[in-house]
Amino acid sequence: MSARPGDAVRHGLILAGRGVLKIRRNPEHLVDVTVQPLLFLVMFVYLFGGALSGSPDAYLQRLVPGLMAPTVLMASLAAGVGLNTDAGTGVFDRFASLPIARSAPLTGVVLAGSVRYLVAFSVLLTVGALLGFRVRTGPLEVLAAGAVVVAAGLCFCWVSVFLGMVLRQPDAVQGTAIAVFMPMVFASNVFVPAETMPGWLRAWADVNPVSLLSDVTRGLLNGGPVAAPLAGAVCWAAGVLLVFFPLAVRSYHRRVG
């Protein structure tokens with residue numbers, strides 16, 4: 001069904017409520033945005049912090065805001081896996097029979113993911129504070145950092161949604177998405193400064209969307225430049241959205257016939 005933009009947004013929000021309800025009834029769906037990033041935080045801070053920054057405390061100030069970028073990127077995997085699982089249950093056939101916008105089943109899942117991204121941001125910030133991380137700016141900058149993280153997640157989530165529509169098995173979606181995202185995560189400045197990398201790798205790390213997003217959150221929480229990395233991150237997010245949103249919707253309609 002083709003729908004006016006306002007109706008499409010409303011239908012997407014209604015189905016997003018379905019996704020939030022699923023999270024409320026099954027809190028274990030939040031394990032990947034709570035336990036997993038905390039394991040990375042503790043492991044890197046206390047195993048490598050002294051070697052990389054001179055002390056765990058110094059490394060903590062760098063890692064907490066930087067880790068928000070890969071956390072939200074990996075959290076977006078759940079959308080593609082969940083949609084791929086739904087495709088095998090017949091729920092897509094039910095959606096196809098309803099008078100709703102064609103993109104609503106996908107946008108609903110993506111919008112529901114904002115809850116996951118907010119949880120990831122809050123958990124990292126809270127646990128980081130317990131370990132010794134201190135925000136060096138103010139509450140408005142913290143809110144801005146949260147908004148940037150959620151907006152980035154909502155854009156990059158469409159990569160996962162597209163994979164969920166073109167691949168046949170949930171395991172294949174997860175494995176392929178990890179293969180796409182992991183080089184972006186580790187070939188970035190999240191864990192080590194880009195200046196320590198070989199020239200060819202540094203060139204990629206400097207323009208890597210994960211690096212740019214990490215620089216934005218570091219600037220907002222630690223103080224520092226924000227405008228330049230934010231402009232780069234916005235360009236990446238807009239490009240991903242413009243490419244993968246129509247691809248995902250088209251693949252969804254091919255799948256439901």
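Residues numbered from 1 in each chain as written. Predicted model: local features only at pLDDT ≥ 70, side-chain atom pairs only at ≥ 80, totals over all residues. Heavy atoms only, no water.

Draft legend 1. How the structure looks around the overall build of the chain. A tally of helices and strands in the chain yields eleven helices and zero strands. Each helix and strand of the chain, ordered N terminal to C terminal, gives the series α-α-α-α-α-α-α-α-α-α-α. Its C-alpha atoms give the chain a radius of gyration of 19 Å, within 12% of the compact-globule value 18 Å for 257 residues. Considering only C-alpha atoms, the chain reaches an extent of 60 × 40 × 35 Å along its principal axes. Scored against the burial criterion, the 257 residues of the chain give a buried share of 45%. In the chain, once contacts between residues fewer than 6 apart in sequence are set aside, the share between residues at least 24 apart is 79%. Looking at the chain as shown, the accessible area adds up to about 12,100 Å², and 68% of this sits on carbon and sulfur atoms. Taken as two groups, the 18 positive and 11 negative side-chain charges of the chain have centres that lie 9 Å from each other. (Helix = DSSP H or I, 4+ residues; strand = E, 2+ residues; numbered from the N terminus. Rg over C-alpha atoms; globule rule 2.2 N^0.38 Å. Buried < 20%, exposed > 50% of the residue type's maximum accessible area, 1.4 Å probe, protein only. Contact = heavy atoms within 4.5 Å. Areas by Shrake-Rupley, 256 points an atom, 1.4 Å probe, with all protein chains shown as cover. Lys, Arg positive; Asp, Glu negative; His and termini not counted. Charge placed at Lys NZ, Arg CZ, Asp CG, Glu CD.)

Draft legend 2. Summary view of a nonpolar patch on the surface. On the surface, Met-43, Leu-47, Phe-48 and Leu-52 cluster together into a nonpolar patch covering about 370 Å² of accessible area. Among the structural elements, Met-43 can be located in helix α2 (residues 35-53). (Patch = residues over 30% accessible without salt bridge, like charges linked within 9 Å, V, L, I, M, F, W, Y side chains within 5 Å. Salt bridge = Lys/Arg side-chain N within 4 Å of Asp/Glu carboxyl O.)

Draft legend 3. Focus on the packing of helix α7 (residues 139-166) against helix α10 (residues 209-222). Across the interface, α7 lies against α10 with an axial gap of 8 Å and an inter-helix angle of 165°. Classified by the angle between their axes, α7 and α10 sit roughly antiparallel to one another. Regarding α7 and α10, the two cross each other, and that crossing is left-handed. Contact residues: Glu-141, Val-142, Ala-144, Ala-145, Val-148, Val-149, Ala-152 and Phe-156 in α7; Pro-209, Leu-213, Val-216, Thr-217, Leu-220 and Leu-221 in α10. In terms of residue class, the contact of α7 with α10 is made up of twelve nonpolar, one polar and one charged. (Axes fitted to C-alpha atoms, helices over the stretch in contact; angles between N-to-C directions. Parallel < 35°, antiparallel > 145°, perpendicular 65-115°, else oblique. Left-handed = near helix turned anticlockwise from the far one by under 90°. Nonpolar A, V, L, I, M, F, W, Y, C, P; charged D, E, K, R; others polar.)

Draft legend 4. Summary view of the side chain of Ser-188. Its place among the elements puts Ser-188 in the loop between α8 (170-186) and α9 (199-207). Within the structure, the side chain of Ser-188 is placed 2.5 Å from the backbone oxygen of Val-185, a separation counted as a polar contact. Reaching out from Ser-188, the side chain makes a polar contact with the backbone nitrogen of Val-190 at a distance of 3.3 Å. In this structure Ser-188 touches Met-197, Ala-205, Asn-208, Val-210 and Ser-211, once residues within four positions along its chain are discounted. (Polar contact = N/O pair within 3.5 Å; in protein donor to acceptor, adjacent residues only side chain to side chain.)

Draft legend 5. Local environment of the nonpolar core. Counting residues in each nonpolar core, the largest one holds 67 residues, and the members touching the most others are Leu-41, Leu-63, Met-68, Leu-106, Val-161, Phe-181 and Phe-191. It is α7 that contributes the most residues to this core, 15 residues altogether. In this view, Leu-63 contacts Phe-40, Leu-41, Phe-44, Val-45, Val-190 and Phe-191; residues no more than four positions away in its chain are not counted. (Core = buried A, V, L, I, M, F, W, Y, C linked by side-chain atoms within 4.5 Å.)

Draft legend 6. Seen up close, the side chain of Arg-116. In this structure, Arg-116 sits in helix α6 (residues 104-131). Once residues lying within four places of it in the same chain are set aside, the contact partners of Arg-116 are Ile-23, His-29, Leu-30, Asp-32, Val-33, Ala-75 and Ala-78.

Draft legend 7. Seen up close, the pattern of salt bridges. Going through the model one piece at a time under the given rule, you end up with two salt bridges. In this structure, Asp-206 and Arg-202 form a salt bridge, with 3.7 Å as the shortest nitrogen-oxygen distance. With Asp-206 and Arg-202 both in helix α9 and four residues apart, the pair spans about one turn of that helix. Taking the relative accessible area as the measure of exposure, Arg-202 reaches 34% and is therefore partly exposed. For the salt bridge of Arg-218 with Asp-215, the shortest nitrogen-to-oxygen distance reads 4.0 Å. Placement of both Arg-218 and Asp-215 in helix α10 is noted, with a separation of three residues, approximately one turn of the helix. On the accessibility criterion, Arg-218 (9% relative accessible area) is buried.

Draft legend 8. Looking closely at the confidence of the model for the chain. Mean pLDDT for the chain: 87, with 95% of residues reaching 70 or above. The weakest mean pLDDT in the chain belongs to helix α5 (residues 91-96) at 70; the strongest belongs to α10 at 96. (pLDDT = per-residue confidence, 0-100.)

Draft legend 9. Main features of the packing of aromatic side chains. Enumeration over the complete set of coordinates arrives at seven aromatic pairs. Between the aromatic rings of Phe-44 and Phe-191, the centroid separation amounts to 4.4 Å while the plane-to-plane angle is 25°, which identifies the pairing as stacked. With Phe-44 in helix α2 and Phe-191 in the loop between α8 and α9, the pair connects residues that are 147 residues apart, well separated along the chain. Each member of the pair, Phe-44 together with Phe-191, is buried. (Phe/Tyr/Trp six-rings, centres within 6.5 Å; stacked < 30°, edge-to-face > 60°.)

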